[in-house]
Amino acid sequence: MVKFPEEYDAIIIGGAAASLTAAIYAARRAMKTLVIAKSIGGQAAMTDVIENYPGFMSVGGIPLMNKMLKQAMKAGAEVIYEEVNGIEEIPNANNGKPMFTVKTTSGNSYKTKSVVLSYGKTPRTLDVPGEGEFGAKGVSYCVTCDGPLFKGKKVAVVGGGNSALEGAEYLSKICPKVYLIHRRDQFRGFEYLIEEVKKRKNIEILYNTNVKEIKGENTVHSIVVQNVANNETKEIPVSGVFVEIGSVTKTEFIKQLVKLDQMGQVIASNNAETYYPDSDKIRPGLFAAGDITQTPFKQIVVSAGEGCKAALQAYNYLAGQQPTFVADWVAKKKK
Ligand code: NAP
């Protein structure tokens, strides 16, 4: 078996399907593996019922992600809950190959021979006064995760896509009143969902309306909205605000390291390798998988597959091998 010196062989950034699958494969290759995640589950944890993950007729997003986490830890991966905000290269620190220092907002830094970037996408924020102040105190970015906490209360859902429509539809079953606030006069969701939402008597749709402020005292008490057509503003009493306005790729802190596309997504090879910025040269030691990449299919099974490729490619890179198929059970036998 290939012997790697001290420190981590792989640091995997992210806590959902791509990262946890990468962690399972890396740890089963006997690589010293650390997962750094803000939380577990990513976008999948925001999905109530998943019916297209092979092997499961129907499974909740959170239970599926928890199973992956358990499997990664059983394989030997370490997991810490911190937010990465910097990666620095130490050139030639590992027998001619680079090492990396991964830094977190907690002030910690971790050394590794390879990094898998697999932290997906982050919910887009409204950027209005009160949003930050009332985070987790009435402001939520996930109806599936937090919706049940608002049973019996008046709530607002912001957005005009399928997430907002689905969220409003779900909340209308447990809340007496749901305001669905969309900045335009047309939704961008499935027709059947739009029809369903329009049918619900306790959903009030406010078209052409922007949220200007979220107000409260300790928790959310109301929102101030403005109609874009006549500039009229009004204050609506609500206990919860669900911001369902899509997601963004937070790659600003890695743009000096790897090549990104115009949307800030990491450009990766078929083998999950990254490139130097403004170059077609492979960037040694940095790999990427899942929704953070350009992949057009933002699906859990795709992320899992890419996480697997990233870990095996990182192993091949550290072992000095060319991309090749290595049967998973080989590493297990040699442990
Ligand atoms: P999305 O489709 O990108 O829609 C985002 C919505 O938020 C749009 O209506 C957009 O308005 C609005 N928006 C964006 N920025 C805003 C801002 N700063 N202030 C106010 N409104 C803003 O995002 P999504 O609904 O989260 O869906 C993401 C993807 O997942 C989509 O492909 C969707 O179809 C998919 N999805 C599928 C299902 C399902 O299959 N059941 C469920 C949920 C999501 P505009 O319309 O004006 O741009």
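Caption draft 1: Representation of the site of the ligand. If you check the shell around the ligand, you find 15 residues, and the closest are Asn162, Ser163, Glu166, Arg184 and Arg188. One of the side-chain N or O atoms of Arg184 is found 2.7 Å from an oxygen atom in the ligand. For the ligand, whose accessible area on its own is 910 Å², the fraction buried by protein is 65%. Residue classes in the shell around the ligand are distributed as 3 nonpolar, 7 polar and 5 charged.

Caption draft 2: Layout of the pattern of salt bridges. For the structure shown, the criterion picks out 12 salt bridges. Ionic pairing is found between Lys113 and Asp9, a salt bridge with its closest N-O pair at 3.2 Å. Placement of the pair is Lys113 in the loop between strand S6 (109–112) and strand S7 (115–117) and Asp9 in the segment before strand S1 (10–13), with a sequence separation of 104 residues. The two residues Lys113 and Asp9 agree in class, both being buried. Its salt-bridge partner being Glu196, residue Arg200 comes within 3.1 Å of it at the nearest N-O pair.

Caption draft 3: Representation of the domain arrangement of the chain within the structure. In terms of domains, the chain is made up of domain 1 (7–121 + 249–319) and domain 2 (125–243). Taking only C-alpha atoms into account, the centre of domain 1 sits 33 Å from that of domain 2. Each partner contributes residues to the interface: domain 1 has 4 residues there, and domain 2 has 4 residues. Summing both partners gives a buried area of about 310 Å² for domain 1 against domain 2, and 69% of it is carried by carbon and sulfur.

Caption draft 4: Inspection of the sheet that holds strand S15 (residues 233–237) at higher detail. The strand order S13-S14-S15 describes an open sheet built from 3 strands, whose pairing is antiparallel. The open sheet has two edge strands, strand S13 (209–217) and S15, and neither has a second partner. On average, each strand axis in the sheet is inclined to that of its neighbour by 25°, with strand direction left out of account. Sheet analysis places S13 next to strand S14 (residues 219–227), joined by 8 bridges and oriented antiparallel. Residue pairing in the sheet places Glu213 in a bridge with Val224 of S14.

Scoring rules and cut-offs
Residues numbered from 1 in each chain as written. Predicted model: local features only at pLDDT ≥ 70, side-chain atom pairs only at ≥ 80, totals over all residues. Heavy atoms only, no water. Near = heavy atom within 4 Å. Polar contact = N/O pair within 3.5 Å; in protein donor to acceptor, adjacent residues only side chain to side chain. Areas by Shrake-Rupley, 256 points an atom, 1.4 Å probe, with all protein chains shown as cover. Nonpolar A, V, L, I, M, F, W, Y, C, P; charged D, E, K, R; others polar. Salt bridge = Lys/Arg side-chain N within 4 Å of Asp/Glu carboxyl O. Helix = DSSP H or I, 4+ residues; strand = E, 2+ residues; numbered from the N terminus. Buried < 20%, exposed > 50% of the residue type's maximum accessible area, 1.4 Å probe, protein only. Domains from an automatic or database assignment. Contact = heavy atoms within 4.5 Å. Buried area = accessible area lost by both parts, 1.4 Å probe. Pairing = 2+ DSSP bridges. Axes fitted to C-alpha atoms, helices over the stretch in contact; angles between N-to-C directions.

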